[in-house]
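Here is how the chains run, residue by residue.
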Amino acid sequence: MRLSPEKEIKAGFGLALATLVALGVAQYQSARHFAQKSHWVVHSNQVLRELEATVNLMDDAAAAERGYVMTGGSSYLKTYWKSAREVNDHLNQLHNLTEDNPDQQQWLQQLQPLVSRIFHIFQRSMALRQSNGFSSARELILAGSAEEAMTSIRMLVGDMRGEEFRLLRERNAAAEAGHWKTLHSILLGTFVALVIISAAAFLILSDVRQRVQAEQELQCERDLLHTLMDNVPDFIYFKDPASRFTRINRAQAQALGLKDPAEAIGKTDFDYFTLEHAREAFEDEQTILRTGEPVINKIERASRSGQPPVWVSTTKMIIRDVKGEVIGTFGVSRDMTERRQAEEALRASEEKFRAVTDTANDAIISADQSGTIHYWNAAAERIFGYSESEILGKPLTLLIPERLRDEHEKGMQRYLETGQSRLLGKTVELAGLRKDGSEFPLDLSLASWRTAEGVFFTGLIRDITVRKQAEKALLEAKDDLEKRVAERTAELAEANAQLENELALRKRAEEEIRKLNECLERRVQERTAQLEEANKELEAFTYTVAHDLRAPLRHMSGFARILVEEYAPALDENARHYLDRVSEGARHMGQLVDDLLNLSRVGRKELSLQLTPLDSLVEAALDELEPELAGREIEWRFSPLPSVRCDATLLKQVFVNLLSNAVKYTRTRKRAVIEVGHTTRDQQPVIFVRDNGIGFDMAYSKKLFGIFQRLHSSKDFEGNGVGLAIVQRILQKHGWKAWTEAAIDQGATFFFTVGAPQSPGVDSSDRSSKNGASPRCANGLSNESHGAATADPAESHQPAKNQPTEVHYGCARS
Amino acid sequence: MAAPEVEILLVEDSPEDAELTIHTLRHHRLSNHIHVAEDGAQALDFLFCRGAYSDRSPEHPPRLIMLDLKLPKVDGLEVLQAIKGNVWTQPIPVIVLTSSKEEFDLMKCYQLGVNSYIQKPVDFSQFQNVIRQLGMYWLLVNQPPPSELFHHS
């Protein structure tokens, strides 16, 4: 059994105290004993001193007696009496001191008569000296009786001293022994006291430590409790047996609208809640106090007056103090309002769902991800013919026509794997299968949701048989209506058109009257346009022909070349010659085709008009002709030319071709003279190029500008007869005109206007018809089509020597 | 039929031109594997492995296409557009070999991404020269497109 720390400490201290008291007592006793012993030592020493003093005084008295006897000096007498008085004092003192020792008393009683006798002898001797003188006194002394007594005294005193020394030795030893005993007891006592006090201190310290630890643990638990109380969202409250709050937590304080939980102390539920709730709570607590039975998770409506009701789940129980005395109740309430609201909302929602689905006209069917039907409403039964009990737990595929099942399975699989669906969130038209096996059209709206058990689908299905029929009927009606509308519209349109026609006719008549004079011009323009069109077509045709001619030419030259190169040894001279002719023919024709293409390209090129100094064009043309000028002596005569709005590239070509011609046909002259200048004709600026070459017969001047037309043998002068055709075409595009003046061997002059064009492109002249008129020409205009390059003057223009030949591109009519 | 890989697809409606071209290429030992398509439709069937050529593999395209512009059925520009507009055939070098010198054709061909535009010279020796140079350049000098370009997964 272990004593309580407090008792241990008390016992320890008691023991230490008792030890100290005992120690004190022992020391006191020991000290007193020691003092007594010491006293006796002192006493013995005093006795010894008295004995010695007595003997010394006796000697002093004897000396004084002798002195007196011998001298008779009165000072000896005085000393004698003093010593005799003091001897008596010491003897009295000795008597007092040795009262405790009978031996010493006995010796003292023997001593006193001896002393008295000596003093009597001395006094007699001195009296004799005084009365009888020295000799009588001397005799007395010589009798020696005094000496005898003195010796006895000395012996006696010696005995007494011996006794006293013995006593002193005894007493010293006793005192010594007492001293050691005391010292030992003090040391022992101190040691014991130290041990006890150390033990007590140890006990106290360990007790203090335990207490501190216990306090810390307690503090820790208190902190935990505070934290819990302050932070737990549940309401915690302690009440006394009268159901008054003794403590509440922060959550409860907040719920009660209190800033400080302490404010609630001493209050009751009646101070905060409705009477109904307060009473119920009070009765519950009293029952708990009476029976000791707790209330567990009781759902209560803990309403505060004027506040929305709060639903709580409450647990209450009795609390007791350490002694087991009931000190009140403890309660925890959890706010269940939100959960309860959620539950109620869920219930309401479920009820609503039931109400809606049960009365819905559409089938509502839910299935899980395996396609098993979980929900089936009344409409579904009506539409599909299966009762709820028949269909629940059955696969959805029962409701799907055979032909759609595969697609259904795939769609389901795809959705489960990828989360993608063609049906979800939409309304689609599908077909359903009734219990009786008949198929019907339906609208399906599909939704899905996920739960812990997997994915669920709910479909809203509407039988649209009737709608389909209605739609069909509607469509037919619509078609019919549209047809009728169209008929009506057509009638109206016709009427409108008639009206418009009439209006137009009237307008046209008016316009015809008003624009009678302009009409001809307009028609001319129309015709011009047609002619232009025809021209273009012809050019395209020319291009195509030229283009297509290239290929066979290449084939000819190609195969001829292969023959020459690879079969040369097998061919004789003649064969090789003919093959060369074939190649040469092909090459020549290629050149012709290229020229033709150039001509065609000029015809088709869009004009890009710019104000251009013609001088610069002449200069550029000369640069281009440089190779042809080698080895020639030519006198150039240039006069300044005006700037003209023209297509510079094309007009340069004009100069190139004209100058090239001039250079070519002056080849036979030793000294060629070529002049470029300008003049005016009919107030129009005219450019000319003149040479002193071989000239030509003006009878053929008409042919000069025709394509492939040559007035000289190609043996004498190379060329294809395309150069001037190109010149003509370029000028034509600018709306200008060209002509020549020449005579055989007299040189030739080429003129062309660069004036403001007269309706460019309008061309009704013989030349244009030769080059551009197409059979599509209407309105009675010249409609000749004479092949590609034959000049046929439609004009009654008589070619004459030195008479200008007009190449006219204006809009003048023949 | 495991025909050897076609090196040149020659789209040419003129059998003479085709013959001269093939002659030149063989003469200079530039290519033996030349396939002639006589019109645009045939050329496209060949390239896209359809119709009569459905057993061809698009992973072995010709190394070079020589394309005439004037073709029956589907003309050269359309063929070019189809070739350059398709990811399979787009990397194959296409040379337009035509008699046309028309600016429109030239412009259109380059807009469609032609690799080369050659006007057929009229003169046969020039023609031979051009064909030889073309064969040398495109079959020997030029680095062909890497074959990964034709392996589309």
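Residues numbered from 1 in each chain as written. Chains lettered and ligands numbered in written order. Predicted model: local features only at pLDDT ≥ 70, side-chain atom pairs only at ≥ 80, totals over all residues. Heavy atoms only, no water.

Caption draft 1: Summary view of the overall build of chain B. Scanning chain B from terminus to terminus reveals five helices and five strands. Principal axes of the C-alpha set define a box for chain B whose edges measure 45 × 35 × 30 Å. Across the 153 residues that make up chain B, the buried fraction comes to 50%. Considering only contacts within chain B whose residues lie at least 6 apart along the sequence, 66% involve residues at least 24 apart. Looking at chain B as shown, the accessible area adds up to about 7,500 Å², and 51% of this sits on carbon and sulfur atoms. The distance from the centre of the 12 positive side-chain charges to the centre of the 20 negative ones in chain B is 4 Å. (Helix = DSSP H or I, 4+ residues; strand = E, 2+ residues; numbered from the N terminus. Buried < 20%, exposed > 50% of the residue type's maximum accessible area, 1.4 Å probe, protein only. Contact = heavy atoms within 4.5 Å. Areas by Shrake-Rupley, 256 points an atom, 1.4 Å probe, with all protein chains shown as cover. Lys, Arg positive; Asp, Glu negative; His and termini not counted. Charge placed at Lys NZ, Arg CZ, Asp CG, Glu CD.)

Caption draft 2: Focus on the environment of G432(A). Residues and elements named next belong to chain A. Examined against the element boundaries, G432 turns out to sit in strand β8 (residues 427–433). On the basis of relative accessible area, G432 is assigned to the buried category, the value being 0%. Sequence separation of G432 and K316 is 116 residues, and the distance between their C-alpha atoms is 60 Å. Aside from chain neighbours lying at most four places away, what touches G432 is F384, L399, P401, S438, E439, F440 and L442.

Caption draft 3: Geometry of the pairing of strand β9 (residues 439–451) of chain A. All names here are of chain A. Examined bridge by bridge, β8 and β9 share seven bridges and lie antiparallel to one another. Looking across to β9, one finds that E429 is bridged to D443. Linking two consecutive strands that pair antiparallel, namely β8 and β9, is a turn of five residues; a positive phi of about 90° is found at G437 within it. Of the pairings in the sheet, the one linking β9 to strand β10 (residues 454–463) comprises 10 bridges and is antiparallel in character. Bridged to R450 within β10 is V455. Taken together, β9 and the strand that follows it, β10, pair antiparallel across an intervening segment of two residues. (Pairing = 2+ DSSP bridges.)

Caption draft 4: Structural detail: the packing of helix α16 (residues 648–665) of chain A against helix α18 (residues 723–734) of chain A. Residue and element names in this part refer to chain A. The N-to-C vectors of α16 and α18 enclose an angle of 145°; their axes lie 9 Å apart at closest approach. Crossing angle aside, the handedness with which α16 passes α18 is left-handed. Across the interface between the two elements, L650, L651, Q653, V654, N657, L658 and N661 from α16 touch G723, L724, I726, V727, I730, L731 and H734 from α18. Of the residues assigned to the contact of α16 with α18, the class counts are nine nonpolar, five polar and no charged. (Axes fitted to C-alpha atoms, helices over the stretch in contact; angles between N-to-C directions. Left-handed = near helix turned anticlockwise from the far one by under 90°. Nonpolar A, V, L, I, M, F, W, Y, C, P; charged D, E, K, R; others polar.)

Caption draft 5: Summary view of helix α1 (residues 15–27) of chain B. Residue and element names in this part refer to chain B. When the terminal C-alpha atoms of α1 are compared, their 18 Å separation across 13 residues agrees well with the 18 Å that a helix rising 1.5 Å per residue should span. Taken together, the buried positions of α1 are D17, A18, L20, T21, I22, T24 and L25. The positive-phi residue at the C-terminal boundary of α1 is R29, with phi of around 55°. (Expected span 1.5 Å × (residues − 1).)

Caption draft 6: Seen up close, the sheet that holds strand β2 (residues 34–37) of chain B. All names here are of chain B. Here we have five strands laid out as an open sheet, ordered β2-β1-β3-β4-β5, and parallel in their pairing. A single partner strand is all that each edge strand has here, and the edge strands are β2 and β5 (116–119). Across the sheet, the axes of successive neighbouring strands diverge by a mean angle of 20°, strand direction being ignored. Here three bridges tie strand β3 (residues 64–67) to strand β4 (residues 94–98), and the two strands are oriented parallel to one another. The partner of L67 across the bridge, within β4, is V96. Contacts between helix α3 (residues 76–84) and the sheet are confined to β3 and β4, with β3 contributing the most and set at about 160° to the helix. Where helix α4 (residues 103–111) meets the sheet, it contacts β4 and β5, and its direction lies at approximately 160° from that of β5.

Caption draft 7: Layout of the packing of helix α3 (residues 102–132) of chain A against helix α5 (residues 145–231) of chain A. All names here are of chain A. Where α3 contacts α5, the axes come no closer than 9 Å and their chain directions differ by 155°. Looking at the two axes, α3 sits roughly antiparallel to α5. As for how α3 packs across α5, the hand of that crossing is left-handed. Residues D103, Q104, W107, L108, Q110, L111, L114, V115, R117, I118, I121 and F122 of α3 form the contact with α5, whose own contacting residues are S145, A146, A149, M150, S152, I153, L156, V157, D159, M160, E163 and E164. Looking at the contact of α3 with α5 residue by residue, the class counts come to 15 nonpolar, four polar and five charged. (Parallel < 35°, antiparallel > 145°, perpendicular 65-115°, else oblique.)

Caption draft 8: Looking closely at the side chain of N249(A). All names here are of chain A. Following the sequence through the fold, N249 ends up in the loop between β2 (245–248) and α6 (250–255). Among the polar contacts listed, one links the side chain of N249 to the backbone oxygen of D234, at a separation of 2.9 Å. Once you skip the residues sitting within four places of it in the chain, N249 turns out to touch M229, V232, D234, F235, I236 and P261. (Polar contact = N/O pair within 3.5 Å; in protein donor to acceptor, adjacent residues only side chain to side chain.)

Caption draft 9: Quick look at the sheet that holds strand β1 (residues 235–239) of chain A. Residue and element names in this part refer to chain A. Across the sheet, which stays open at both edges, the five strands sit in the order β2-β1-β5-β4-β3 with antiparallel pairing between neighbours. Taken across any chain shown, the strands that pair with only one partner, and hence form the sheet edges, are β2 and β3 (295–301). Across the sheet, the mean angle separating the axes of adjacent strands is 25° when strand polarity is ignored. In the sheet, β1 pairs with β2 via three bridges, with the strands oriented antiparallel. Counterpart to F238 in the pairing with β2 is R247. Packed onto the sheet, helix α7 (residues 275–291) meets β1, β3, β4 (311–320) and β5 (326–335) and runs at close to 170° relative to β3.

Caption draft 10: Region of interest: the interface of chain B and chain A. Contacts between chain B and chain A engage 21 residues on the former and 20 residues on the latter. When the area that chain B buries against chain A is broken down by residue, the three leading residues are E102(B), V122(B) and F124(B), summing to 32%. The interface formed by chain B and chain A includes one salt bridge. With a closest N to O distance of 2.8 Å, R554(A) and D17(B) form a salt bridge. (Buried area = accessible area lost by both parts, 1.4 Å probe. Salt bridge = Lys/Arg side-chain N within 4 Å of Asp/Glu carboxyl O.)

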